[in-house]
Amino acid sequence: MKKYILLIAVFLTSLNVIQAQKLDLIPKPVKIEQQPRTFIIPASVHLILDEKVHKSAVFINDKFLKNTGITPKISIGNKHKNNAIQFLVDEKMNIPNDGYTLSVTRKGVLVKGKSTNGVLNGFQTLLQIFSAKEVRRGTIPFVEIEDYPRFEWRGMMLDVSRQFFDKQTVKNYIDWLAAHKMNIFHWHLTDDNGWRIEIKSMPDLTLKGGFRGPGEVLLPSYGSGNKRYGGYYTQEDIKEVVSYALERGVSIMPEIEIPGHSRAVTASYPEIGCVTSQETKSVQGEVKNVWCVGREENYQILDSIIREFTEIFPFEYMHVAGDEVNRATWGQCPKCQAVMKKEGYTDTFQLQNYFFRRIEKIVEKYDRKTAGWNEIIKGGELSPKTQIFAWQGISYGIESVKKGHPTVMIPGQYTYFDMAQSENERGHRWAAITDTKRVYSFEPIPENDLSLEEQKLIKGVQGALWSEYLDLPA
Ligand SMILES: [Zn+2]
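Residues numbered from 1 in each chain as written. Predicted model: local features only at pLDDT ≥ 70, side-chain atom pairs only at ≥ 80, totals over all residues. Heavy atoms only, no water.

**Student:** Could you give an account of the sheet that holds strand β6 (residues 108-113), naming the residues involved and the relevant values?
**Tutor:** Pairing within the open sheet is mixed, and its seven strands lie in the order β1-β7-β5-β6-β4-β2-β3. Lying at the two open borders of the sheet, with one neighbouring strand each, are β1 (31-40) and β3 (73-76). Geometrically, the sheet is characterised by an average inter-axis angle of 15° between neighbouring strands, direction not taken into account. By the bridge criterion, four bridges tie strand β2 (residues 46-49) to β3 in an arrangement that is parallel. (Pairing = 2+ DSSP bridges. Helix = DSSP H or I, 4+ residues; strand = E, 2+ residues; numbered from the N terminus. Axes fitted to C-alpha atoms, helices over the stretch in contact; angles between N-to-C directions.)

**Student:** Describe in detail the pairing of strand β19 (residues 458-465), supporting the description with residues and values.
**Tutor:** Burial analysis of β19 places six of its eight residues in the buried class, the great majority of the element. When strand β8 (residues 153-159) meets β19, the two strands line up parallel, connected through six bridges. Bridging across to β19, Met156 finds its partner in Gly463. Here three bridges tie strand β18 (residues 407-409) to β19, and the two strands are oriented parallel to one another. (Buried < 20%, exposed > 50% of the residue type's maximum accessible area, 1.4 Å probe, protein only.)

**Student:** Give me the lowdown on the environment of Phe355, citing residues and values where you can.
**Tutor:** For Phe355, the position within the fold is in helix α11 (residues 348-365). Overall, the relative accessible area of 1% leaves Phe355 in the buried class. The spacing of Phe355 and Trp291 is 64 residues in sequence and 10.0 Å in space, taken between C-alpha atoms. Non-local contacts of Phe355, meaning those with residues more than four positions away in its chain, are made with Ile258, Pro259, Val293, Tyr299 and Leu302. (Contact = heavy atoms within 4.5 Å.)

**Student:** Kindly report on the pairing of strand β17 (residues 387-390), identifying the contributing residues and their values.
**Tutor:** Side-chain alternation along β17 places Gln387 and Phe389 on one buried face and Ile388 and Ala390 on a second face that is also buried. In terms of strand pairing, strand β16 (residues 369-373) meets β17 through three bridges, oriented parallel. The residue bridging Gly372 from the neighbouring strand is Ile388, located in β17. With three bridges connecting them, β17 and β18 associate as parallel partners. Looking at the pairing, Phe389 lines up with Val408 of β18. Regarding the hand of the β-α-β motif, the stretch spanning β17, helix α12 (residues 394-402) and β18 is right-handed. (Right-handed = clockwise from strand over helix to strand, strands pointing away.)

**Student:** Give me the lowdown on the side chain of Asp147, citing residues and values where you can.
**Tutor:** Residue placement: Asp147 occurs in strand β7 (residues 139-147). Buried and unpaired, Asp147 has no salt bridge, with Lys181 as the nearest side chain of opposite charge at 4.5 Å. A distance of 3.2 Å separates the side chain of Asp147 from the backbone nitrogen of Val30, its partner in a polar contact. Separated by 2.8 Å, the side chains of Asp147 and Tyr100 make a polar contact. Those residues within four positions of Asp147 in sequence are excluded, and the remaining contacts are Lys28, Pro29, Val30, Ile95, Gly99, Tyr100 and Lys181. (Lys, Arg positive; Asp, Glu negative; His and termini not counted. Salt bridge = Lys/Arg side-chain N within 4 Å of Asp/Glu carboxyl O. Polar contact = N/O pair within 3.5 Å; in protein donor to acceptor, adjacent residues only side chain to side chain.)

**Student:** Quick rundown of the domain arrangement of the protein chain? Include the residues and the values.
**Tutor:** Domain annotation for the protein chain reports domain 1 (24-147) and domain 2 (153-465). Listed per partner, the contact involves 15 residues of domain 1 and 12 residues of domain 2. Summing the contributions of domain 1 and of domain 2, the shared interface buries around 1,000 Å²; its carbon and sulfur component is 48%. Considering only the surface of domain 1 that becomes buried against domain 2, Ile26, Phe59 and Gln124 emerge as the three largest contributors, covering 37% of it. Our count for the contact surface shared by domain 1 and domain 2 stands at one salt bridge. Remark: the boundary between domain 1 and domain 2 carries four residue pairs in polar contact (both at pLDDT 80 or more). Within the residue set of the side of domain 1 that touches domain 2, elements represented by two or more residues are α2 (57-68) and α3 (116-131). With six residues, α3 is the largest single contributor of residues to the side of domain 1 that touches domain 2. Across the side of domain 1 that touches domain 2, the residue classes tally to five nonpolar, six polar and four charged. (Domains from an automatic or database assignment. Buried area = accessible area lost by both parts, 1.4 Å probe. Nonpolar A, V, L, I, M, F, W, Y, C, P; charged D, E, K, R; others polar.)

Encoded structure:
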């Protein structure tokens, strides 16, 4: 009997140890060592922020208060004080980019990052510790964490065309990305069913192309029903969201859908589309949703649009899409046919390549790099700087890397979060039924297909949330 009691005691003790050490941290830090003691946050706690982190002071203050119930005293500097929580940038730290250390001892808390974003990642870890159910409010367990990301590109996309999400919802979405240490928000701003970014040189893109319903240039779709539905972001709104994201360590890559998925454009400015005698339908059943690539004025229009994008988005990449283009339209358009004849093309993919080579030049003119979906590598060469988003599958990412392009893995079969998560759930199914386990099973580097040198071209991984089904909560 004694033996059993002893066994039970040992078992319970070990449970306690496990419980004390378990912190719900996502993603899991590279190294974590926890001790059974705790630091008690003083009611008059002092937060010391490195000068380089000062732009995030309001964010840090608000999140700290919300998660601990304690109003901190904040100062900018790098002098250590006992019982304080200190955030330091140390560029000489021997840790990969965006890495950080978090140390909680009896003297206080030190979050040290190689860069501002490293510090912010450490702060997110601290926030997760505050909200872990094992941790008593107002305390922090003694812990030593060293953490850094495997990939420099950790992105997530949101489609705001098929459903429109207001500025606050977009900010909340960015908060969720930051909480999971993701650093890129890919903002899908235009598509067939709504143009969502104010372009001052082309006002009808939003005034007309931002709305659908009875009497509008766009028909109702995706649950918008028999009412006027839509909206758009002004350039001021966008600047506000861009700084909101940067304060949280998130950069925003904008996407303009060209030359396909452009019904909102051709409905607002019909002259931009091809002139054809027969209608052909895109993959999603849209007609007239392609830019005419033989109409010379369209390149000036695109130059102005891209210039306005780059004036409000400081990020180094401009995503210019190129997916699912209904190239059959070009086959019937005299202007597009004239370009093909002049250039000696036999295939409309070559015409698509011609279009993207011209777009790359415009994007470069405004000191940005081009990004696009995996279809744009077809039909000819592109600049080796152009970054490819492999959405159709892993093999498309391999093909892109073999052609020398930096590549982000975003295969629909694993990282499209609009796929149903179970047989019974509403959602797309064309790529897979995608539950959490399946997402976690995804390995972004196909080691057997790429040499070590080639593997370096895989910049990271991204998820996508297309919004066809997001008109209802579930
Ligand atoms: Zn045309």
